[in-house]
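Breakdown of the fold
So you can see what is in the structure, the chains are spelled out below.
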Amino acid sequence: MPSTPTSKAELLPGYDQTGSGDITWLGESTQQLTLQPGAKATVTVSLDASVPEVTQPGDFTTALTVGTDTPYSVPRVPVSLHVNPPKTWGKITGTVLGTTASGGTAPLAGVTVQIDSWASTYTLTTAADGTYALWLDTRNNPLTVIVAKDGYQPTVATVKIKKGATVTSNFTLKRR
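Source: prediction; values computed, not measured. (Residues numbered from 1 in each chain as written. Predicted model: local features only at pLDDT ≥ 70, side-chain atom pairs only at ≥ 80, totals over all residues. Heavy atoms only, no water.)

Describing the overall build of the protein chain
- In terms of regular secondary structure, the protein chain is built from zero helices and 13 strands.
- Ordered by position from N to C terminus, the α and β elements of the protein chain give β-β-β-β-β-β-β-β-β-β-β-β-β.
- Burial status across the protein chain gives 25% buried among its 176 residues.
- For the protein chain, the share of sequence-separated contacts (at least 6 apart) that also reach a separation of at least 24 residues comes to 54%.
- Here the protein chain has roughly 12200 Å² of accessible surface; of this, 53% comes from carbon and sulfur atoms. (Helix = DSSP H or I, 4+ residues; strand = E, 2+ residues; numbered from the N terminus. Buried < 20%, exposed > 50% of the residue type's maximum accessible area, 1.4 Å probe, protein only. Contact = heavy atoms within 4.5 Å. Areas by Shrake-Rupley, 256 points an atom, 1.4 Å probe, with all protein chains shown as cover.)

Structural notes on the sheet that holds strand 8 (residues 121–125)
- Read from one edge of the open sheet, four strands run 8-7-10-11, paired in antiparallel fashion. Among the strands making up the open sheet, the edge pair consists of strand 8 and strand 11 (155–159). On average, adjacent strands in this sheet sit at an angle of 20 degrees to one another, irrespective of strand direction.
- Examined bridge by bridge, strand 10 (residues 143–148) and strand 11 share five bridges and lie antiparallel to one another. (Pairing = 2+ DSSP bridges. Axes fitted to C-alpha atoms, helices over the stretch in contact; angles between N-to-C directions.)

Considering the nonpolar core
- Counting residues in each nonpolar core, the largest one holds 19 residues, and the members touching the most others are Ile92, Val96, Val113, Ile115, Val145 and Val147.
- Among the elements of the structure, strand 5 (89–99), strand 7 (112–116), strand 9 (131–137), strand 10 and strand 13 (171–173) are those that each provide at least two residues to this core.
- Not counting residues up to four positions away in its chain, the partners in contact with isoleucine 92 are Ile115, Tyr132, Ala133, Leu134, Leu143, Val145, Val159, Ile161, Val167 and Ser169.
- One finds Trp25, Val51, Val54 and Val83 within the second-largest nonpolar core, a separate group that totals eight residues. (Core = buried A, V, L, I, M, F, W, Y, C linked by side-chain atoms within 4.5 Å.)

Focus on the side chain of aspartate 137
- Residue position: aspartate 137 is located in strand 9.
- In terms of polar contacts, aspartate 137 uses its side chain to reach the side chain of threonine 88, at 3.1 Å.
- For aspartate 137, the residues in contact, after removing those within four places along its chain, are Thr88, Trp89 and Ile161. (Polar contact = N/O pair within 3.5 Å; in protein donor to acceptor, adjacent residues only side chain to side chain.)

Structure (structure tokens):
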């Protein structure tokens, strides 16, 4: 006998723990615990900024999910890692604006910012507010920064970063 679809669903307590993934910079002890009501235990976590996925200084956050067979919701445990830049690194940052039809300017999202050095090439994309940022070793100096977006004339600049400092290199792209 065919059933009739319903537009309602019920989420049972304890089945609302979703989402997981491997965070390479986070390690946790895999021991199994049995706790009595009101009891607590310490779980050791380790943080490792040397993994390949951590390529830039900054703050990294995640939440540790605790597996349980209780029917009650268990909150995720927030974990954060702060990575300081090496002493020989400097930061290049900036905002890319584009000219508007009315003659003004506005931040441009999705602009390709290519940063070339003697050692490597880095390709970034500007955020919704038109910003970009990259930390690099100052031994990469000088940097050639190429900024381009469809419908705008590309522009190029030479920039030198400084140890422990932030150098700002802003661009305004003109419509073609």
